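Next come the chains, spelled out residue by residue.
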Amino acid sequence: MRLLLLTDRSAATREHAMLRRLEIGLVDEGCRVVRVAPEGASIEPATGLAGALSYPDAAWRVGPFSPARAIERALSQLQAFASDDDERSVDVIHVLGHSAWSLALALAELTGADLVFEVPSRPALSEVQATERRAAAPCSAVWLAPDESMRSAVERLARRWPVRTGWWGVHVPPIESVSVRRSLPIESMCVLSSGDEPSAVMKLLSALARTPGIPVEPMIFLDARAVERHPEVWRHANALKLLPRLTVISNIESQRELVLRVDAMIQADCRGEHASLVLEAMASAMPVVSRADRLISIASDPSIAILVEEPSEQGWARALTALLGSVADSQALGLAARRYIQTNRLAHVQVRAALDAYAQFMEPAPIPMRPGRGG
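Residues numbered from 1 in each chain as written. Predicted model: local features only at pLDDT ≥ 70, side-chain atom pairs only at ≥ 80, totals over all residues. Heavy atoms only, no water.

**A few points about the overall build of the protein**
- Helix and strand content of the protein: 16 helices and 13 strands.
- Taken against the 2.2 N^0.38 rule, which gives 21 Å for 375 residues, the C-alpha radius of gyration of the protein at 22 Å falls within 12% of a compact globule.
- With 375 residues in all, the protein has 53% of them scored as buried.
- Total accessible area computed for the protein in this model is approximately 16900 Å², and 52% of it derives from carbon and sulfur atoms. (Helix = DSSP H or I, 4+ residues; strand = E, 2+ residues; numbered from the N terminus. Rg over C-alpha atoms; globule rule 2.2 N^0.38 Å. Buried < 20%, exposed > 50% of the residue type's maximum accessible area, 1.4 Å probe, protein only. Areas by Shrake-Rupley, 256 points an atom, 1.4 Å probe, with all protein chains shown as cover.)

As structure tokens, then:
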């Protein structure tokens, strides 16, 4: 099978570790893989097991200079995709990042490839029906959701194409590499943010500065998206006198080696946005505090994360007290999250789910059966 892993800039930057795991797993299963990302977007080189192409995404163009045409021409030069017995240059285009969905549709028209669309966030979910309407009549596609919660949401919207669960997964590190660190008091935390809800981040910071009875004042590593468009968040942190223990991290999801060494993770706002970094944190037995979100299974289960139903200062204070008040409780929460990942969200399960989605295109259509006279 000849497969394109096509990403937009956000997915290529934020989910580079997951792309690497997918690439290795799919190549190991016999797929011929080419990763296609916007120019300059890749955080790390491909594994060397697959090809790599780039496309310009600064401005969409049509005609012979469109990104889709450029990718099609580049594919024709790849020896790994050469074939004498098939008219198609690509079998499947697997798309991560909804900003690349239009490009994927155009490329599918040019190559005749089938499509797999990942739906990992609320903004992507809002594009499902429009994308089905824009697709050419013979286009064959599958929607792939990271977990069952998102799958249910996609199924309520999809009319044209089937929906499957992609089971985003990660590797689980040896318990001895995390057990000692996770048994100590929480002295550092990472705060993830989409940057779309500055008020939620400010209320979290207020709770961090004002909650009484917390035994330590943890260092805070803050997602740069929380402040890039919202200078009021920085001013608020300054007014709370948090700056001496606050560090802003750009492209935080590309800084996995740093982030996975902190003691706790907080998702300040979700937007239904799935992040494999959170799964990696759970796999390392890190306790997680998250805004409750019905589109994310791990943000709907209080047995594996501390959930914040109402992101007020009082709501965050209750969550922080639960997180920081007892070393034993936070350690137990982290270990429960780790067991959940071991049981449900391993990387090889995601690879198998992807292969199952691709196989759907290869299966012959069922022969329609006429009911008998009695039925």
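**Some thoughts on the pattern of salt bridges**
- For the coordinates displayed, the defined rule picks out 22 salt bridges.
- Ionic pairing is found between Glu280 and Arg21, a salt bridge with its closest N-O pair at 3.5 Å. With a gap of 259 residues between them, Glu280 in helix α13 (residues 276-283) and Arg21 in helix α2 (residues 16-28) connect regions that are remote in the sequence. A single burial state applies to Glu280 and to Arg21, both of which are buried. (Salt bridge = Lys/Arg side-chain N within 4 Å of Asp/Glu carboxyl O.)

**A look at the sheet that holds strand β12 (residues 288-291)**
- Strand order in the open sheet formed by six strands is β10-β9-β8-β11-β12-β13, with parallel pairing between adjacent strands. Of all the strands in the sheet, just β10 (246-249) and β13 (306-308) have a single pairing partner and so form its edges. The mean angle between the axes of side-by-side strands here comes to 20°, regardless of whether they run parallel or antiparallel.
- Two strands pair when backbone bridges link them, and strand β9 (residues 219-223) and β10 are joined in this way by four bridges, in the parallel orientation. When the sheet's bridge partners are listed, Phe221 is paired in β10 with Thr247. (Pairing = 2+ DSSP bridges. Axes fitted to C-alpha atoms, helices over the stretch in contact; angles between N-to-C directions.)

**A word on the packing of aromatic side chains**
- Taken as a whole, this structure holds five aromatic pairs when the rule is applied.
- Seen in terms of ring centroids, Trp101 and Trp143 are 5.3 Å apart; in terms of plane orientation they differ by 55°. Their pairing is tilted. Taken together, the residues span a long stretch of sequence, with Trp101 in helix α4 (residues 101-111) and Trp143 in strand β6 (residues 141-145) at a distance of 42 residues. Note on accessibility: Trp101 and Trp143 belong to one class, buried.
- Their ring planes at 45° and their centres at 5.5 Å tell us that Trp143 and Trp161 sit as a pair that is tilted. With Trp143 in strand β6 and Trp161 in the loop between α7 (148-155) and β7 (163-165), this pair connects stretches of sequence that are 18 residues apart. Each member of the pair, Trp143 as well as Trp161, carries the same accessibility label: buried.
- Put simply, the rings of Trp101, Phe117, Trp143 and Trp161 touch in pairs and so form one group of aromatic residues. (Phe/Tyr/Trp six-rings, centres within 6.5 Å; stacked < 30°, edge-to-face > 60°.)

**Side note on α7**
- Residues of α7 that are buried include every one of Ser149, Met150, Ala153 and Val154, and no others. Buried residues of α7, seen end-on, are gathered within an arc of 135° and therefore sit on one face of the element.
- The opening residue of α7 is Asp147, an N-cap whose side-chain oxygen sits 3.1 Å from the backbone nitrogen of Ser149. (Arc of directions from axis to C-beta. Polar contact = N/O pair within 3.5 Å; in protein donor to acceptor, adjacent residues only side chain to side chain.)

**Quick notes on helix α9 (residues 198-210)**
- End to end, α9 covers 18 Å across 13 residues, agreeing with the expected 18 Å (1.5 Å per residue, within 8%).
- Those residues of α9 that sit buried are Pro198, Ala200, Val201, Met202, Leu204, Leu205, Ser206, Ala207 and Leu208. (Expected span 1.5 Å × (residues − 1).)

**Examining the sheet that holds strand β3 (residues 51-55)**
- A sheet is described by the order of its strands in space; here seven strands give the open sequence β3-β2-β1-β4-β5-β6-β7, paired in parallel fashion. Each end of this open sheet is capped by a strand with a single partner; those strands are β3 and β7. Strand-to-strand, the axes of this sheet are offset by a mean angle of 25°, without reference to chain direction.
- Inspection of the sheet shows strand β1 (residues 2-7) paired to strand β4 (residues 92-96) by five bridges, in the parallel sense.

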